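Now for the letters of each chain:
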Amino acid sequence: MRQTLVAGNWKLNGSLDSIKQLVAGITAGAGGTGDTQIAVCPPFVYIPLVSNLLAGSKVAIGSQDIADQEAGAFTGEISGAMLNDFSCTYAIVGHSERRALYAEDDELVARKFAAARKAGLTPILCVGETLEEREQGITEDVVARQLDAVIKLESIAAIGEAVVAYEPVWAIGTGKTASPQQAQDVHAFIRGKLAGLDQAVADKVQILYGGSVKGSNAKELFSMQDIDGGLIGGASLAADDFLAICMAGT
Ligand code: 13P
């Protein structure tokens, strides 16, 4: 039985004050969220603060990105070891905003995935198609290609020690959620593809859905057979909204 994981991706949002308030709200309510695993991914600069504030709570912390390199002359980058120093558990890799706006290709994403694992972090590997790709009927090809790059560099076993997040690009920040069945269809495709390589990995890996998840639609999404939780953007920025989604996983 896979546990439900709800992870908040705060993206480029928040201030010192608003983040203190947000974390206080989340930790105050996290105790009432049953078995749901919870994580938050703040902007890098707030990770030390949030990590301290979360100490002793059930809420884990992750990064929104990670360097593909371990150390050296890579201006602006943050390594897995640095994230480890501040008790990070997760590292998001391959978010569609990084792929589209910062030109991260499948190979770089795979190297970031490898760097996260090497540092002992659990990668949250984001995959998903654009609206154009969906309309062309190539959703499965795109998702398969994004997964294959990681499997080729690492291994199928490595996917079993990671989290996969299916985030259709057309559903991110648009208010247009994939229907539970649309999401389930792609989740089932992902799990089936993994099962073709290693059944145990497919049975074990948590596959999250991301894209306009809210308190009002989370329960229906999370009740689908292959949807094991959510990666939440906008609705993770208000404690009540985020906790309502966490409750939907109980
Ligand atoms: P929204 O929940 O704002 O659509 O963002 C989803 C997302 O990109 C999470 O990584």
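For the structure itself, consult the block above.
Thresholds, definitions, all that
Residues numbered from 1 in each chain as written. Predicted model: local features only at pLDDT ≥ 70, side-chain atom pairs only at ≥ 80, totals over all residues. Heavy atoms only, no water. Buried < 20%, exposed > 50% of the residue type's maximum accessible area, 1.4 Å probe, protein only. Helix = DSSP H or I, 4+ residues; strand = E, 2+ residues; numbered from the N terminus. Salt bridge = Lys/Arg side-chain N within 4 Å of Asp/Glu carboxyl O.

**Q** Quick one: what's the story with the pairing of strand β7 (residues 206-210), residue by residue and with numbers?
**A** The element β7 is largely enclosed, with a buried count of five among its five residues. The alternating pattern of β7 places Q206, L208 and G210 on one face and I207 and Y209 on the opposite face, and all of these are buried.

**Q** I'd like a description of the pattern of salt bridges, backed by residues and values.
**A** Within the structure shown, the criterion is met by 16 salt bridges. Of the charged contacts, one joins D106 and R145 as a salt bridge, the two residues approaching to 2.6 Å between their closest N and O atoms. With a gap of 39 residues between them, D106 in helix α5 (residues 106-118) and R145 in helix α7 (residues 139-153) connect regions that are remote in the sequence. On the basis of relative accessible area, D106 is assigned to the buried category, the value being 11%.

**Q** Before we move on, can you summarise unusual backbone geometry with the specific residues and values?
**A** Even without being a glycine, K11 presents a positive backbone phi close to 50°. On the secondary structure map, K11 appears in the loop between β1 (5-9) and α1 (16-30). Although it is not a glycine, S87 sits at a positive phi angle of roughly 65°. One can find S87 in the loop between α3 (80-85) and β4 (90-93).

Just geometry here; none of it tells us what the structure is for.
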